[in-house]
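Single-letter residue listing:
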Amino acid sequence: MADETSTGTRRGPLRKLPGVTRVSVARPLVVTAASAAALWWVAAAPVAGAASATVSTVVMAKDFMFAPLSLSVTVGSTVTWTNQDDEPHTVVSDAGLFRSGAMDTHESFSFRFDKPGTYHYACSIHPRMVGTVIVQ
C-alpha cells in the first residue's frame with residue numbers, strides 16, 4: 001500500500017527508522033540563462049568519434065569586421081559567413097580556395113573545410129576585414 005505525501009505524490013511503502021523523522025521538502029527548479037546555455041551547448045556538441053558528424057559554424061560580418069576573427073574547427077566542418085552590415089561584403093580565401101559573391105544584408109556564404117590547415121580570408125570590397133579559419 002502506498003503512502004501519500006504532503007505534496008500529493010504517491011510513493012511506495014516507506015520504512016520507518018526508529019528516532020528518524022522524515023521531512024519532505026519541495027525544491028523549485030531554477031534554470032538560469034547560463035545553465036540553459038550550458039545545457040544547450042552540451043546537447044548541441046558533436047559526439048566524439050562520430051565519423052559522419054559535421055559541424056556548422058557561423059562567422060558574422062558586422063561593423064566592418066568578421067567575428068570571430070579566428071576560428072578553430074575540425075575537418076569536415078562547414079563555416080557560414082553571414083552579412084549583418086548594411087553594406088555588401090565578400091569572403092575570399094587568400095589561397096583562392098573559396099570566393100563568395102557580394103553578400104547583401106542577411107545573405108550568407110558557406111564553405112566546407114575537408115583538409116586540415118590554416119586558411120586566411122578577407123573581404124575584397126573592404127580589405128581590412130580579415131579572418132582566419134584553423135582546421136584540425
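Residues numbered from 1 in each chain as written. Predicted model: local features only at pLDDT ≥ 70, side-chain atom pairs only at ≥ 80, totals over all residues. Heavy atoms only, no water.

1. Describing the confidence of the model for the chain
Under the convention used in this document: Each residue carries a pLDDT value, the predictor's own confidence for that position, ranging from 0 to 100. Note on contacts: a residue pair is in contact if any heavy atoms of the two residues lie within 4.5 Å.
Chain-level pLDDT for the chain is 77 on average; 59% of the residues reach the 70-or-more range. Throughout residues 2-9 the model reports pLDDT below 50, and contacts reaching past four residues in sequence, or to other chains, amount to ten contacts. Under a pLDDT of 50 for its full length, residues 22-52 has, in the predicted model, six contacts with residues more than four places off or in other chains.

2. Focus: the sheet that holds strand β5 (residues 70-73)
Here is the rule: Strand pairing requires that DSSP identify at least two bridges connecting the strands. Secondary structure elements are defined from DSSP: runs of H or I of at least 4 residues count as helices, runs of E of at least 2 residues count as strands, and each element is numbered from the N terminus.
Read across the sheet, four strands follow the order β5-β10-β9-β7 without closing on themselves; strand pairing throughout is mixed. Whereas interior strands pair on both sides, the edge strands pair on one side only; in this sheet they are β5 and β7 (92-93). Pairing between strand β9 (residues 117-122) and strand β10 (residues 130-135): six bridges, direction antiparallel. For T118, the partnering residue across the bridge sits in β10 and is I134.

3. Some thoughts on the environment of F111
Along the chain, F111 falls in strand β8 (residues 108-113). As for F111 and T78, which are separated by 33 residues in sequence, their C-alpha atoms are 5.5 Å apart. Beyond its immediate sequence surroundings of up to four residues, F111 is in contact with S77, T78, V79, W81, L97 and F98.

4. What about the pattern of salt bridges?
Side chains bearing opposite charge may pair, as long as their charged atoms lie close to each other. Worth spelling out the cut-off: Salt bridge, as used here: a side-chain nitrogen of Lys or Arg that lies within 4 Å of a carboxyl oxygen of Asp or Glu. Residue exposure (1.4 Å probe, protein chains only): buried if accessible area is under 20% of the type maximum, exposed if over 50%, otherwise partly exposed.
What the rule picks out here adds up to one salt bridge. Among the ionic pairs, D114 bridges to R112, the shortest N-O distance being 2.6 Å. Note on R112: relative accessible area 42%, which makes it partly exposed.

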